[in-house]
Amino acid sequence: MARDLSLDGKTLRKRLWRRQVTPFQDILDNVTKGSGTEDDPFIVEFFEGDLENPLAWSDAFKWTLTAVVAVYTFCVALASSAYSGAGVSIIETFKVSNTIYILGISLFVLGFALGPLIWAPVGEVMGRRNTFIATCFLFTAFNAGAAASQNIETLIVLRFLGGMFSSSCLAKSLMPVNGVSGWLPSLGPIVGGFLSDAAGFRWVEGLLAVFSGILLIIGTLFIPETYTPRLLRLRAVALSEHTGLVYRAPMDAEGALQVGELFQHALTRPWRMLFLEPIVTILALYLALSYAFMYMEFSAFPIVFQQAHHWNSGIEGLTFLGLMLGMISGAAWVIFYENPRYVRVVEACGGRAPPEARLPPATIGAVIMTVGLALFAGTCGRNVPWIVPILAQIPFGLGSVLIFLALTNYLGKPRNDALDPYATFPVHQGRGAKVPSAHGPQQDAFTDGVQRTQQPIVTGTSVLGIKFKDGVMLAADNLASYGSLARFKDIKRLFPVGDSTILGASGDMADFQKVQRMLEDLMTSEAILDDGQSLSSAQIYEYLSNVMYSKRSKMDPYWNAFLVGGLDKGVPFLSYVDLLGTTYSAPSLATGYGNHLAQPLLRRAIERLGPDGHTKLEEADARKIMENAMKVLFYRDARSLNKFQIATVTSRGVEISEPISAPTEWGFAEGLRGYGNSDETY
């Protein structure tokens, strides 16, 4: 295509923070997906040779940016703890108690907790660069204000605001940077102690203001925007304005970014996870306690070494070297032992380790940290040599790092092949994109490499099915487990297909969603024909069986087992198909663990009615049988949930109940329905 010189004016100008730009003509020429309408917009993506793609920048520049982020994280960590080294100066200047002085630490950490709730969604809308500049500017201003505080109230409020605005680095910087820099708070009391002794607390806050101000200047001049969605959205806006057609980034293909909805989800998501997911609640509480213990020690050291041993603030700050040594040891443990161990687990699991493989360091760290706390508590008296409580901090620091890194990786990084959209790493950068791994660059799991489920990840357990006189009944609980974690508790695994068929799925939920879309497309195609015909349950089952067998034959199975129930020419229909393409039919069926526990109960209930007992089974009795079978599964299957749905297909059509629960009895096992050879068992 001939080059349009008028488009050169559309090309972004080079700046100190934008060293590489892609000619606008090249951008326009490389948009190939879509037709430019609202229903089918042009999709704007980075392309091969795109100079504005952050992944295309040189390694030296990437490491430079990482270093700047690491230094800013160090500045924030220093600000969080240097205050503790200036305790004597603050107490003497404002004539306050030790309790009031400690509020300056507590509220700074509280700001750490609240800030990311704001900066995470702000960063997704404004981008990383703008968020960094705005929050770093205010962080610098609050540090300067704290240095000039005329009363303790002002100092404490400014500390809280400083913590909240500085926390943007926790929400938007790289997880490895935050993890490796976990030992940095232990430097704060050393710096704060000596500087406070020499010039008072105002110079401690002043140093922080100067430090953050220098980083603000460096960041404003040299840090570029690295957030892919922001870059692509800006590019899409420029293309739309120039051409008058509709261009969108891939993540907005189905609709433009809704800022209000984004903020709503970002602000409520952490709270929903915290209060509705027990494992998240427990681990978050444990992490909070571990973090609190560390900052409590920042407050305890001045009491132990200044009051008991009569040291000045500067010398007392050196006692944190024990804590620092322990944290550095923890980082070394992770780098030289834990990471190689995890790589071996990944290889042994065929490329994807279970989430629980991240947890062994936390179990070790929990014991070591407790030992360190006990040693410190038992040796901090004035009659014990001063070196002993300092050495006690080594196991505490070691254990706290192991706990922090293990639990944050378990909760936040379930994938080992590519990071999710909230980890600042673009998971999709066009064909052939590479991602880092322990063995060098690997194929991006979301492009040409792996585009399918390699093994079940988020899974549903048993589905039960039974025929009765007037139709078919299926039941499945609403739980989808992530490994051993009961992660999603409102998943609907019963899916209506047409007017007289129901599909129940166990196995991988991502593959189930794929099959759902295929069946929806199939039914849409049939409806478009408008020939007065509709697919029967047997025809839908035959189609699904062919799909499952075809995927199996290509060594690329859908990791599911399905029950298809419905009416075929008015006759109850119930059949089974799984990932191997295995198919069969019976009056009662079950998938997963239910095939061992519930299926005998269903068969027995039908056999009691004689030959072809299902033709004599009333709907109410069938429902009672299914409810009791689901109760037994809840008692016996660790991956089940006492929240399930029952679907019924009769001449009335397909009816799916709202989630229900069965009454349970947690007495002796012999008293439970479904135990042993009890005659009351269905």
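Residues numbered from 1 in each chain as written. Predicted model: local features only at pLDDT ≥ 70, side-chain atom pairs only at ≥ 80, totals over all residues. Heavy atoms only, no water.

A. Structural context of the overall build of the protein. Broken down by element type, the protein carries 21 helices and 17 strands. For the protein, the residues scored as buried account for 48% of the 682 residues in total. Across the protein, every contact between residues at least 6 apart in sequence was considered, and the portion connecting residues at least 24 apart equals 69%. As displayed, the protein offers around 32,100 Å² of accessible surface, 62% of which is attributable to carbon and sulfur atoms. (Helix = DSSP H or I, 4+ residues; strand = E, 2+ residues; numbered from the N terminus. Buried < 20%, exposed > 50% of the residue type's maximum accessible area, 1.4 Å probe, protein only. Contact = heavy atoms within 4.5 Å. Areas by Shrake-Rupley, 256 points an atom, 1.4 Å probe, with all protein chains shown as cover.)

B. Expanded view of the packing of helix H2 (residues 59–85) against helix H9 (residues 188–199). At their nearest, the axes of H2 and H9 sit 7 Å apart, and the two run at 45 degrees to each other. Of the possible angle classes, the one that applies to H2 and H9 is oblique. At the point where H2 passes H9, the crossing takes the right-handed sense. Note on element contacts: H9 touches H2 through Gly188, Pro189, Val191, Gly192, Gly193 and Ser196, opposite Leu78, Ser81, Ala82, Ser84 and Gly85. (Axes fitted to C-alpha atoms, helices over the stretch in contact; angles between N-to-C directions. Parallel < 35°, antiparallel > 145°, perpendicular 65-115°, else oblique. Left-handed = near helix turned anticlockwise from the far one by under 90°.)

C. Fine view of unusual backbone geometry. In the Ramachandran plot, lysine 95 falls in the positive-phi region, its phi being about 55 degrees despite a non-glycine side chain. Tracing the backbone shows lysine 95 in the loop between helix H3 (87–94) and helix H4 (98–126). With a phi close to 50 degrees, aspartate 612 is a non-glycine residue in the positive phi region. With respect to the helices, strands and loops of the structure, aspartate 612 is situated in the loop between helix H20 (594–607) and helix H21 (619–636).

D. Quick peek at the sheet that holds strand E7 (residues 471–477). Sheet architecture is open: five strands sit in the order E15-E6-E7-E16-E17, paired in antiparallel fashion. A single partner strand is all that each edge strand has here, and the edge strands are strand E15 (588–590) and strand E17 (653–656). Each strand axis lies, on average, 15 degrees off the axis of its neighbour in the sheet, ignoring direction. As judged from the six bridges shared by strand E6 (residues 463–468) and E7, these two strands associate in the antiparallel manner. When the sheet's bridge partners are listed, leucine 464 is paired in E7 with alanine 475. Sitting on the sheet, H20 is in contact with E6 and E15, with an inclination near 170 degrees to E15. Sitting on the sheet, H21 touches E6, E7 and strand E16 (644–650), and the angle it makes with E6 is about 160 degrees. (Pairing = 2+ DSSP bridges.)

E. Up close: the side chain of arginine 235. Checked against the element boundaries, arginine 235 lands in helix H11 (residues 228–243). A polar contact is formed between the side chain of arginine 235 and the side chain of glutamate 52, at a distance of 2.8 Å. If we skip the residues at most four places from it in the chain, arginine 235 touches Thr22, Ile27, Val44, Glu45, Phe46, Phe47, Asp50 and Glu52. (Polar contact = N/O pair within 3.5 Å; in protein donor to acceptor, adjacent residues only side chain to side chain.)

F. Region of interest: the packing of H2 against H4. Closest axis-to-axis distance for the H2/H4 pair is 8 Å, and the angle between their directions is 160 degrees. On the basis of their axis angle, the class for H2 and H4 is roughly antiparallel. Both H2 and H4 take part in a crossing whose hand is left-handed. Between H2 and H4, the contacting residues are Val76, Ala79, Ser80, Tyr83 and Ser84 on the first element and Tyr101, Gly104, Ile105, Phe108 and Phe112 on the second.

G. Examining the nonpolar core more closely. The biggest cluster of nonpolar side chains holds 72 residues, and the ones touching the most others in it are Tyr72, Ile90 and Leu155. When residues in this core are grouped by element, the largest group, eleven residues, is from helix H17 (residues 387–412). Of all hydrophobic cores here, the second largest spans 22 residues; its members include Met518, Leu519, Leu522 and Ile540. (Core = buried A, V, L, I, M, F, W, Y, C linked by side-chain atoms within 4.5 Å.)

H. Structural view of the packing of aromatic side chains. A complete count under the given rule lists 14 aromatic pairs for this structure. When the ring of phenylalanine 512 is compared with that of phenylalanine 562, the centres are 6.3 Å apart and the planes differ by 45 degrees; the resulting orientation is tilted. Taken together, the residues span a long stretch of sequence, with phenylalanine 512 in helix H18 (residues 509–529) and phenylalanine 562 in strand E12 (residues 560–568) at a distance of 50 residues. Both residues of the pair, phenylalanine 512 and phenylalanine 562, belong to the buried class. Here a set of aromatic residues connected by ring pairs shows up, and it is made of Tyr72, Phe132 and Phe139. (Phe/Tyr/Trp six-rings, centres within 6.5 Å; stacked < 30°, edge-to-face > 60°.)

I. Layout of the environment of lysine 467. Within the secondary structure, lysine 467 is located in strand E6. The class of lysine 467 is buried, set by a relative accessible area of 15%. Separated by 106 residues in the primary sequence, lysine 467 and phenylalanine 573 place their C-alpha atoms 7.5 Å from one another. If we ignore the near neighbours within four places in the chain, the residues touching lysine 467 are Val472, Pro572, Phe573, Leu574, Ala586, Pro587, His614 and Leu617.

J. Expanded view of the side chain of threonine 131. Examined against the element boundaries, threonine 131 turns out to sit in helix H5 (residues 128–147). Given the relative accessible area of 3%, threonine 131 is considered buried. Beyond its immediate stretch of four places on either side in the chain, threonine 131 contacts Trp119, Val122, Gly123, Met126 and Ser168.

K. Broad picture of the confidence of the model for the protein. Here the protein averages 81 in pLDDT, while 86% of its residues score no lower than 70. Here residues 174–181 scores under 50 on pLDDT; set against residues more than four positions off or in separate chains, the count is 15 contacts. (pLDDT = per-residue confidence, 0-100.)

L. Expanded view of the pairing of E17. By the bridge criterion, four bridges tie E16 to E17 in an arrangement that is antiparallel. Looking at the pairing, threonine 648 lines up with glutamate 655 of E17. Between the end of E16 and the start of E17, which pair antiparallel, lie two residues.

M. Focus on the pattern of salt bridges. Applying the stated criterion across every chain yields a total of 13 salt bridges. Here glutamate 205 makes a salt bridge to arginine 159, at a shortest N to O gap of 3.8 Å. Separated by 46 residues along the polypeptide, glutamate 205 in helix H10 (residues 201–222) and arginine 159 in helix H6 (residues 152–166) bring together distant segments of the chain. The class of glutamate 205 is buried, set by a relative accessible area of 2%. In this structure arginine 159 comes out as buried when scored by relative accessible area, which is 3%. Salt-bridge contacts for arginine 341 lead to glutamate 338; the nearest nitrogen and oxygen are separated by 2.6 Å. Of this pair, arginine 341 and glutamate 338 both sit in helix H15 (residues 321–348), separated by three residues, roughly a single helical turn. In this structure, arginine 341 and glutamate 338 share a single accessibility class: buried. (Salt bridge = Lys/Arg side-chain N within 4 Å of Asp/Glu carboxyl O.)

N. Seen up close, the state of the cysteines. Applying the stated rule across the entire model yields zero disulfides. For cysteine 75, which is in no disulfide, the shortest distance to another cysteine sulfur is to cysteine 136 and amounts to 7.1 Å. Exposure remark for cysteine 75: the relative accessible area of 0% places this residue in the buried category. Exposure remark for cysteine 136: the relative accessible area of 0% places this residue in the buried category. (Disulfide = S-S within 2.5 Å.)

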